[in-house]
Amino acid sequence: VAVVREDKLAYLEAFGNRECGGEAMTVDARFDLASLTKPVAVATSIMQLVERGEVSLEQRVSAIIPEFQDYVDPKTKEVVYATISDLMSHSSGLRPYVALSRLEQDYPDREFNRELLLEYIMTSERMGAPRTICKYSCLNYILLGEIVERLTGVSLAEYATQNIFAPLQMTNTCFTPNEEYAQLSAPTSAVGADEELRGVVNDPLARELMAGVSGNAGLFSTAEDLAVYVAMLLNGGEWQGERVLTSRAVEMLFTVPEGVETTRTMAWDRLSSNFEA
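Computed from a predicted model, the values in this text were never measured in an experiment. (Residues numbered from 1 in each chain as written. Predicted model: local features only at pLDDT ≥ 70, side-chain atom pairs only at ≥ 80, totals over all residues. Heavy atoms only, no water.)

Visitor: Lay out unusual backbone geometry in plain terms, naming residues and giving numbers.
Guide: Positive phi, normally seen in glycine, also occurs at Ala 34, with a value near 50 degrees. A residue is classified by how much of its surface remains accessible, and Ala 34, at 36% relative accessible area, is partly exposed. (Buried < 20%, exposed > 50% of the residue type's maximum accessible area, 1.4 Å probe, protein only.)

Right, dumping it as structure tokens:
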């Protein structure tokens, strides 16, 4: 448990076990962050690039990735362009996910790799027109990770490390952990599983096709490092003299786009209106 108050780490403690076999939980235990990869690594990177003028939130996805096929209205044949903002707020119309079995079925003679998955995402049938539908989608953020790489010329892992984790001294946050790091990680595989997933991303797409570095999953971290990231957000994009975002960028990450059928902000979901504490 890590508690942040007024941009400082106020409490850090470990309880119970990190593994069903009885390994005690420790405050330095590493975790597969799963979908926290989306806001922590990807959305933060995109907002940095927006601030630097490398990309606009309203820029068309197809302007950066020409292979991306925009939505065509089946009745009017009108082309409706998806934007960076649409991907971030899960209002692009892309499907939530694709199972490995579906890819095997659709591409029986193709090698299973990153290029195959990206081709599927960029050419797949959409659930609806951009900005008319809100559907949480791993495919949105896999594509955003690709956009970070195309704009910067380096991998998502390298960019996020150099521009987010290193400045914030999040030294225990990374993609593709080494063996030493993995041994300190809480496993995500079931007890008795044929293959123990310890320090290996659990998400099948990130693990099998994206080599552990994906926009939807793949990041590992500790509670203390995540507390630092949260403190940075609470402090308007700065922590201990290191600024990774402007206060305006932080505000935008928590803002729901106007005129879009979505309940989500640029990086996060919100509690539903009928939520009862």
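Visitor: How would you sum up the pattern of salt bridges? Please name residues and give values.
Guide: For the structure on display, the rule yields 15 salt bridges. Salt-bridge contacts for Glu 149 lead to Arg 114; the nearest nitrogen and oxygen are separated by 2.7 Å. Note that Glu 149 is positioned in helix α6 (residues 138-152) and Arg 114 in helix α5 (residues 114-123), a separation of 35 residues in sequence. Given the relative accessible area of 18%, Arg 114 is considered buried. The salt bridge involving Glu 146 is made with Arg 150; its shortest N-O contact spans 2.7 Å. Taken as a pair, Glu 146 and Arg 150 lie in helix α6 at a separation of four residues, close to a single helical turn. Put simply, Glu 67, Arg 114, Glu 146, Glu 149 and Arg 150 are held in one network by salt bridges that share partners. (Salt bridge = Lys/Arg side-chain N within 4 Å of Asp/Glu carboxyl O. Helix = DSSP H or I, 4+ residues; strand = E, 2+ residues; numbered from the N terminus.)

Visitor: Talk me through the environment of Leu 94; I want residue IDs and the actual numbers.
Guide: Within the secondary structure, Leu 94 is located in the loop between α3 (84-88) and α4 (100-106). Filtering out sequence-adjacent residues up to four positions away, Leu 94 remains in contact with Leu 87, Ile 121, Ser 124, Arg 126, Met 127, Ser 137, Leu 139, Asn 140 and Leu 143. (Contact = heavy atoms within 4.5 Å.)

Visitor: Now, about the pairing of strand β2 (residues 8-12): what can you tell me, with residues and values included?
Guide: Successive residues of a regular strand alternate their side chains across the two faces of the sheet. Bridge count between strand β1 (residues 2-5) and β2: four bridges; the pairing is antiparallel. Within β2, the position partnered with Val 3 by the bridge is Tyr 11. What sits between the antiparallel neighbours β1 and β2 is a turn of two residues, in which Glu 6 has the positive phi angle 50 degrees. (Pairing = 2+ DSSP bridges.)

Visitor: Any chance you could break down the packing of aromatic side chains for me, citing the residues and the numbers?
Guide: Summed over all chains, the structure comprises two aromatic pairs. Where Tyr 181 meets Phe 220, the ring centres are 6.4 Å apart and the plane angle is 90 degrees; that geometry is what we call edge-to-face. Taken together, the residues span a long stretch of sequence, with Tyr 181 in helix α8 (residues 179-183) and Phe 220 in strand β6 (residues 220-221) at a distance of 39 residues. By relative accessible area, which is 8% here, Tyr 181 ends up buried. The interplanar angle of 10 degrees and the centroid separation of 5.9 Å between the aromatic rings of Phe 254 and Trp 268 together place this pair among those described as stacked. With a gap of 14 residues between them, Phe 254 in the segment after α11 (247-253) and Trp 268 in the segment after α11 connect regions that are remote in the sequence. (Phe/Tyr/Trp six-rings, centres within 6.5 Å; stacked < 30°, edge-to-face > 60°.)

Visitor: Quick rundown of the side chain of Ser 214? Include the residues and the values.
Guide: One can find Ser 214 in the loop between α9 (204-208) and β6. There is a polar contact of 2.5 Å between the side chain of Ser 214 and the side chain of Asn 216. If sequence neighbours within four positions are ignored, Ser 214 has contacts with Thr 37, Ile 142, Leu 156, Phe 175 and Ala 206. (Polar contact = N/O pair within 3.5 Å; in protein donor to acceptor, adjacent residues only side chain to side chain.)

Visitor: Summarise α5; cite the residues concerned and give the values.
Guide: The buried fraction of α5 amounts to seven of the ten residues, a majority that puts the element mostly inside the structure. Buried within α5 are the following residues: Arg 114, Leu 116, Leu 117, Leu 118, Tyr 120, Ile 121 and Met 122. Contacts made by the buried residues of α5 are with α4, α6 and α9. Here α5 starts with a cap whose side-chain oxygen sits 3.3 Å from the backbone nitrogen of Glu 115, and that cap is Asn 113.

Visitor: A description of a nonpolar patch on the surface should follow, citing residues and the corresponding values.
Guide: Residues Val 1, Val 3, Tyr 11 and Phe 15 make up a contiguous nonpolar surface patch of roughly 380 Å² in combined accessible area. In this structure, Phe 15 sits in the loop between β2 and β3 (31-32). (Patch = residues over 30% accessible without salt bridge, like charges linked within 9 Å, V, L, I, M, F, W, Y side chains within 5 Å. Areas by Shrake-Rupley, 256 points an atom, 1.4 Å probe, with all protein chains shown as cover.)

Visitor: Would you mind going over the packing of helix α1 (residues 37-51) against helix α7 (residues 156-165) in detail, with residue names and values included?
Guide: Following both chains from N to C, one finds α1 and α7 inclined at 75 degrees, their axes separated by 10 Å at the closest point. By the angle between their directions, the pair α1 and α7 is classed as roughly perpendicular. Each of Val 40, Ala 41, Val 42, Thr 44, Ser 45, Gln 48 and Leu 49 in α1 lies in contact with α7, whose residues at this interface are Leu 156, Tyr 159, Ala 160, Asn 163, Ile 164 and Phe 165. Of the residues in the contact of α1 with α7, the class split is nine nonpolar, four polar and no charged. (Axes fitted to C-alpha atoms, helices over the stretch in contact; angles between N-to-C directions. Parallel < 35°, antiparallel > 145°, perpendicular 65-115°, else oblique. Nonpolar A, V, L, I, M, F, W, Y, C, P; charged D, E, K, R; others polar.)

Visitor: Mind laying out the nonpolar core, listing which residues take part and the relevant values?
Guide: By size, the foremost hydrophobic cluster in this structure holds 63 residues, and its most contacted members are Ile 84, Met 88, Leu 117, Leu 143, Leu 144 and Ile 147. Those elements that place two or more of their residues in this core are α1, α2 (61-64), α3, α5, α6, α7, α10 (223-234) and α11. With residues up to four places along the chain from it excluded, the contact list for Met 88 reads Ala 43, Ile 46, Met 47, Leu 57, Tyr 141, Leu 144, Leu 253, Thr 265, Met 266 and Ala 267. Core analysis: the second largest hydrophobic core is formed by six residues, Cys 174, Tyr 181, Val 201 and Ala 217 among them. (Core = buried A, V, L, I, M, F, W, Y, C linked by side-chain atoms within 4.5 Å.)

Visitor: Requested: an account of α10, with residues and values cited.
Guide: For α10, built from twelve residues, the straight-helix expectation of 16 Å at 1.5 Å per residue is met to within 8% by its first-to-last C-alpha distance of 16 Å. Those residues of α10 that sit buried are Asp 225, Leu 226, Ala 227, Val 228, Tyr 229, Ala 231, Met 232 and Leu 233. Backbone geometry just downstream of α10 places Gly 236 in the positive-phi region, at approximately 70 degrees. (Expected span 1.5 Å × (residues − 1).)

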